[in-house]
Amino acid sequence: MQNGTKKDESARKPRGRPRAYEPVAALQQATDAFWKTGYAGTSLDDIAAATGMNRPSLRAAFGDKRAIYLKALNAYWEHKLAAMREVLGGDLPLDQALMSVYDAALSIYFSGRGRARGCFVVGTAVTEAVHDAETRKVVSEGFRKLDADFAARLRLAQETGELKRCADPEALAMLATATMQTMAIRARAGSSREDLRRFAEKAVAVICG
(Lines give C-alpha, C1' and ligand atoms only; values in the text may rest on other atoms or scores of the structure.)
Protein backbone atom coordinates (compact mmCIF):
# COMPACT_ATOMS: atom_id res chain seq x y z
CA MET A 1 0.00 0.00 0.00
CA GLN A 2 2.82 2.38 0.87
CA ASN A 3 4.68 1.49 -2.31
CA GLY A 4 1.62 2.34 -4.37
CA THR A 5 1.31 5.73 -2.68
CA LYS A 6 4.94 6.55 -3.45
CA LYS A 7 4.42 5.63 -7.11
CA ASP A 8 1.34 7.86 -7.32
CA GLU A 9 3.21 10.79 -5.79
CA SER A 10 6.13 10.25 -8.14
CA ALA A 11 3.82 10.25 -11.16
CA ARG A 12 2.36 13.61 -10.13
CA LYS A 13 5.74 15.34 -9.79
CA PRO A 14 6.88 17.33 -12.84
CA ARG A 15 9.91 15.86 -14.54
CA GLY A 16 13.05 17.83 -15.23
CA ARG A 17 14.03 21.31 -14.16
CA PRO A 18 11.56 24.16 -14.81
CA ARG A 19 12.39 26.44 -17.74
CA ALA A 20 14.31 29.40 -16.36
CA TYR A 21 13.66 31.78 -19.25
CA GLU A 22 10.73 33.24 -21.14
CA PRO A 23 11.10 32.45 -24.89
CA VAL A 24 9.52 35.66 -26.25
CA ALA A 25 11.54 37.89 -23.93
CA ALA A 26 14.76 35.96 -24.62
CA LEU A 27 14.26 36.24 -28.37
CA GLN A 28 13.65 39.99 -28.04
CA GLN A 29 16.86 40.33 -26.04
CA ALA A 30 18.72 38.43 -28.75
CA THR A 31 17.14 40.70 -31.36
CA ASP A 32 18.39 43.75 -29.47
CA ALA A 33 21.91 42.30 -29.44
CA PHE A 34 21.88 41.75 -33.22
CA TRP A 35 20.29 45.16 -33.75
CA LYS A 36 23.13 46.85 -31.88
CA THR A 37 26.13 45.26 -33.61
CA GLY A 38 24.75 43.42 -36.65
CA TYR A 39 24.85 39.71 -37.40
CA ALA A 40 28.59 39.47 -38.05
CA GLY A 41 29.47 41.62 -35.04
CA THR A 42 27.36 39.61 -32.58
CA SER A 43 28.75 36.44 -31.05
CA LEU A 44 26.93 33.66 -29.28
CA ASP A 45 28.57 34.90 -26.07
CA ASP A 46 27.03 38.34 -26.71
CA ILE A 47 23.61 36.74 -27.09
CA ALA A 48 24.15 34.69 -23.94
CA ALA A 49 25.03 37.86 -22.02
CA ALA A 50 21.97 39.69 -23.41
CA THR A 51 19.55 36.88 -22.55
CA GLY A 52 21.13 35.69 -19.32
CA MET A 53 21.27 32.17 -20.77
CA ASN A 54 24.36 30.02 -21.15
CA ARG A 55 25.45 28.71 -24.54
CA PRO A 56 24.08 25.16 -24.11
CA SER A 57 20.70 26.56 -23.03
CA LEU A 58 20.66 28.93 -26.02
CA ARG A 59 21.39 26.11 -28.43
CA ALA A 60 18.75 23.88 -26.83
CA ALA A 61 16.12 26.62 -26.98
CA PHE A 62 16.82 28.31 -30.31
CA GLY A 63 19.65 26.56 -32.15
CA ASP A 64 22.93 28.05 -33.33
CA LYS A 65 23.64 31.74 -33.95
CA ARG A 66 22.20 31.69 -37.48
CA ALA A 67 19.01 29.95 -36.30
CA ILE A 68 18.58 32.52 -33.52
CA TYR A 69 19.03 35.35 -36.00
CA LEU A 70 16.49 33.93 -38.46
CA LYS A 71 13.97 33.47 -35.63
CA ALA A 72 14.57 37.09 -34.60
CA LEU A 73 14.18 38.31 -38.18
CA ASN A 74 10.94 36.43 -38.72
CA ALA A 75 9.54 37.63 -35.39
CA TYR A 76 10.39 41.23 -36.29
CA TRP A 77 8.57 40.96 -39.62
CA GLU A 78 5.53 39.38 -37.97
CA HIS A 79 5.29 42.18 -35.42
CA LYS A 80 5.85 44.94 -37.97
CA LEU A 81 3.35 43.58 -40.50
CA ALA A 82 0.69 42.91 -37.85
CA ALA A 83 0.95 46.47 -36.51
CA MET A 84 0.80 47.90 -40.02
CA ARG A 85 -2.24 45.84 -41.01
CA GLU A 86 -4.08 46.93 -37.90
CA VAL A 87 -3.63 50.58 -38.88
CA LEU A 88 -4.33 50.14 -42.59
CA GLY A 89 -7.39 48.01 -41.84
CA GLY A 90 -9.02 50.69 -39.73
CA ASP A 91 -11.37 53.44 -40.82
CA LEU A 92 -8.86 56.31 -40.99
CA PRO A 93 -8.70 58.40 -44.18
CA LEU A 94 -5.84 57.36 -46.46
CA ASP A 95 -3.46 60.18 -45.57
CA GLN A 96 -3.97 59.67 -41.84
CA ALA A 97 -3.58 55.90 -42.17
CA LEU A 98 -0.29 56.29 -44.01
CA MET A 99 1.01 58.79 -41.47
CA SER A 100 0.00 56.45 -38.64
CA VAL A 101 2.06 53.69 -40.28
CA TYR A 102 5.06 56.00 -40.58
CA ASP A 103 4.66 57.25 -37.02
CA ALA A 104 4.65 53.64 -35.82
CA ALA A 105 7.78 52.98 -37.87
CA LEU A 106 9.51 56.00 -36.35
CA SER A 107 8.65 54.71 -32.88
CA ILE A 108 10.56 51.54 -33.76
CA TYR A 109 13.48 53.33 -35.38
CA PHE A 110 13.96 55.57 -32.34
CA SER A 111 13.27 52.91 -29.72
CA GLY A 112 16.90 52.25 -28.81
CA ARG A 113 18.77 53.88 -25.98
CA GLY A 114 20.90 56.74 -27.20
CA ARG A 115 21.22 56.96 -30.98
CA ALA A 116 18.45 55.84 -33.33
CA ARG A 117 18.77 52.23 -34.42
CA GLY A 118 16.56 52.31 -37.49
CA CYS A 119 14.89 49.21 -38.93
CA PHE A 120 16.10 45.74 -37.88
CA VAL A 121 15.72 44.42 -41.42
CA VAL A 122 17.46 47.30 -43.18
CA GLY A 123 20.13 47.59 -40.50
CA THR A 124 21.08 43.92 -40.19
CA ALA A 125 19.48 41.66 -42.79
CA VAL A 126 20.18 43.46 -46.07
CA THR A 127 23.92 42.85 -45.73
CA GLU A 128 23.44 39.18 -44.85
CA ALA A 129 20.95 38.69 -47.70
CA VAL A 130 23.75 39.13 -50.24
CA HIS A 131 25.32 35.75 -49.37
CA ASP A 132 22.66 33.92 -47.32
CA ALA A 133 19.79 32.54 -49.40
CA GLU A 134 17.41 31.99 -46.48
CA THR A 135 17.92 35.51 -45.14
CA ARG A 136 17.43 36.86 -48.66
CA LYS A 137 14.15 34.94 -48.95
CA VAL A 138 12.84 36.28 -45.62
CA VAL A 139 13.80 39.86 -46.53
CA SER A 140 12.32 39.79 -50.04
CA GLU A 141 9.13 38.12 -48.83
CA GLY A 142 8.73 40.75 -46.13
CA PHE A 143 9.13 43.59 -48.60
CA ARG A 144 6.66 41.90 -50.94
CA LYS A 145 4.10 41.77 -48.11
CA LEU A 146 4.71 45.44 -47.31
CA ASP A 147 4.06 46.35 -50.93
CA ALA A 148 0.94 44.16 -51.02
CA ASP A 149 -0.53 45.65 -47.83
CA PHE A 150 0.04 49.20 -49.02
CA ALA A 151 -1.40 48.34 -52.44
CA ALA A 152 -4.55 46.82 -50.91
CA ARG A 153 -5.21 50.00 -48.91
CA LEU A 154 -4.52 52.18 -51.95
CA ARG A 155 -6.89 50.17 -54.13
CA LEU A 156 -9.58 50.60 -51.49
CA ALA A 157 -8.91 54.34 -51.46
CA GLN A 158 -9.27 54.39 -55.24
CA GLU A 159 -12.59 52.54 -55.05
CA THR A 160 -13.96 54.99 -52.48
CA GLY A 161 -12.77 58.07 -54.35
CA GLU A 162 -9.92 59.05 -51.99
CA LEU A 163 -7.40 58.33 -54.73
CA LYS A 164 -7.60 59.38 -58.36
CA ARG A 165 -8.88 56.80 -60.83
CA CYS A 166 -5.76 57.24 -62.95
CA ALA A 167 -3.44 56.43 -60.03
CA ASP A 168 -1.41 53.21 -60.04
CA PRO A 169 -1.86 51.56 -56.58
CA GLU A 170 0.99 49.08 -57.11
CA ALA A 171 3.48 51.80 -58.09
CA LEU A 172 2.36 54.03 -55.21
CA ALA A 173 2.67 51.08 -52.83
CA MET A 174 6.29 50.62 -53.83
CA LEU A 175 6.83 54.33 -53.20
CA ALA A 176 5.22 53.97 -49.76
CA THR A 177 7.53 51.06 -48.90
CA ALA A 178 10.56 52.91 -50.25
CA THR A 179 9.66 55.88 -48.05
CA MET A 180 9.72 53.65 -44.99
CA GLN A 181 13.10 52.19 -45.97
CA THR A 182 14.58 55.63 -46.61
CA MET A 183 13.38 56.84 -43.22
CA ALA A 184 15.08 53.85 -41.57
CA ILE A 185 18.39 54.59 -43.30
CA ARG A 186 18.24 58.31 -42.54
CA ALA A 187 17.42 57.60 -38.89
CA ARG A 188 20.64 55.61 -38.53
CA ALA A 189 22.51 58.32 -40.42
CA GLY A 190 21.52 60.91 -37.83
CA SER A 191 18.33 62.57 -39.12
CA SER A 192 16.03 63.71 -36.34
CA ARG A 193 12.62 62.22 -35.73
CA GLU A 194 11.01 65.58 -36.50
CA ASP A 195 12.82 65.83 -39.86
CA LEU A 196 11.83 62.30 -40.79
CA ARG A 197 8.20 62.95 -39.92
CA ARG A 198 8.23 65.96 -42.25
CA PHE A 199 9.81 63.72 -44.89
CA ALA A 200 6.94 61.26 -44.42
CA GLU A 201 4.34 64.03 -44.69
CA LYS A 202 5.78 65.08 -48.05
CA ALA A 203 5.77 61.50 -49.29
CA VAL A 204 2.14 61.03 -48.19
CA ALA A 205 1.18 64.20 -50.06
CA VAL A 206 2.73 62.79 -53.24
CA ILE A 207 1.12 59.35 -52.76
CA CYS A 208 -2.34 60.77 -52.08
CA GLY A 209 -1.87 63.19 -54.99
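On a predicted model such as this, the values are computed, not experimentally measured, just so you know. (Residues numbered from 1 in each chain as written. Predicted model: local features only at pLDDT ≥ 70, side-chain atom pairs only at ≥ 80, totals over all residues. Heavy atoms only, no water.)

Novice: Hey, could you run me through the overall build of the protein chain in this one?
Specialist: Within the protein chain one finds 10 helices and 0 strands. Counting helices and strands in the order they occur from the N terminus, the protein chain gives α-α-α-α-α-α-α-α-α-α. In terms of C-alpha radius of gyration, the protein chain reaches 22 Å, well past the compact-globule figure of 17 Å for 209 residues. Counting only C-alpha atoms and orienting by the principal axes, one finds that the protein chain spans roughly 85 × 40 × 30 Å. A burial count over the protein chain gives 39% of its 209 residues as buried. Once local pairs closer than 6 in sequence are excluded, the contacts in the protein chain between residues at least 24 apart make up 68%. Accessible surface, the protein chain as shown: approximately 12200 Å² in total, 53% of it carbon and sulfur. Here the protein chain holds 32 positive side-chain charges and 25 negative ones, and the gap between their average locations is 7 Å. (Helix = DSSP H or I, 4+ residues; strand = E, 2+ residues; numbered from the N terminus. Rg over C-alpha atoms; globule rule 2.2 N^0.38 Å. Buried < 20%, exposed > 50% of the residue type's maximum accessible area, 1.4 Å probe, protein only. Contact = heavy atoms within 4.5 Å. Areas by Shrake-Rupley, 256 points an atom, 1.4 Å probe, with all protein chains shown as cover. Lys, Arg positive; Asp, Glu negative; His and termini not counted. Charge placed at Lys NZ, Arg CZ, Asp CG, Glu CD.)

Novice: Would you mind going over the side chain of Thr 124 with me for this structure?
Specialist: Looking at the secondary structure, you find Thr 124 in helix α7 (residues 120–129). One polar contact links the side chain of Thr 124 to the main-chain carbonyl oxygen of Phe 120, over a distance of 2.6 Å. With residues up to four places along the chain from it excluded, the contact list for Thr 124 reads Phe 34, Trp 35, Gly 38 and Tyr 69. (Polar contact = N/O pair within 3.5 Å; in protein donor to acceptor, adjacent residues only side chain to side chain.)

Novice: How do you make sense of the UniProt feature "domain: HTH tetR-type" (unreviewed entry) in the protein chain when you look at a structure like this?
Specialist: What UniProt calls "domain: HTH tetR-type" (unreviewed entry) maps, in this numbering, to residues 27–70. Across residues 27–70, helical content stands at 75% and strand content at 0%; the span's end C-alpha atoms are separated by 11 Å. (UniProt positions renumbered as here; feature names shortened; annotations may be inferred.)

Novice: Would you mind going over the environment of Glu 22 with me for this structure?
Specialist: Its location among the elements puts Glu 22 in the loop between α1 (2–12) and α2 (23–37). Linking Glu 22 and Thr 51, residues 29 residues apart in sequence, is a C-alpha distance of 9.6 Å. A polar contact is formed between the side chain of Glu 22 and the backbone nitrogen of Val 24, at a distance of 3.2 Å. Only 2.9 Å separates the side chain of Glu 22 from the backbone nitrogen of Ala 25, close enough to count as a polar contact.

Novice: Would you mind going over the packing of helix α3 (residues 44–51) against helix α4 (residues 55–62) with me for this structure?
Specialist: Helix-helix packing is described using two parameters, namely the angle between the two axes and the distance between the axes. Two elements in contact, α3 and α4, have axes separated by 9 Å at closest approach and are oriented at 90 degrees. Taken together, the axes of α3 and α4 are roughly perpendicular relative to one another. Counted together, Leu 44, Asp 45, Ile 47, Ala 48 and Thr 51 of α3 and Arg 55, Leu 58 and Arg 59 of α4 form the full contact between these two elements. Looking at the contact of α3 with α4, its residues break down into 4 nonpolar, 1 polar and 3 charged. (Axes fitted to C-alpha atoms, helices over the stretch in contact; angles between N-to-C directions. Parallel < 35°, antiparallel > 145°, perpendicular 65-115°, else oblique. Nonpolar A, V, L, I, M, F, W, Y, C, P; charged D, E, K, R; others polar.)

Novice: Any chance you could explain the side chain of Gln 158 here in plain terms?
Specialist: Mapped onto the fold, Gln 158 is located in helix α8 (residues 133–159). Residue classification places Gln 158 among the buried positions, given a relative accessible area of 12%. Within polar-contact distance, the side chain of Gln 158 engages the backbone oxygen of Lys 164 at 3.0 Å.

Novice: Just to check I follow, could you spell out the state of the cysteines for this structure?
Specialist: One covalent bond between the sulfur atoms of two cysteine residues makes up a disulfide. Scanning all chains against the criterion turns up 0 disulfides. Between Cys 166, a free cysteine, and Cys 208, which holds the nearest cysteine sulfur, the sulfur-to-sulfur gap is 14 Å. (Disulfide = S-S within 2.5 Å.)

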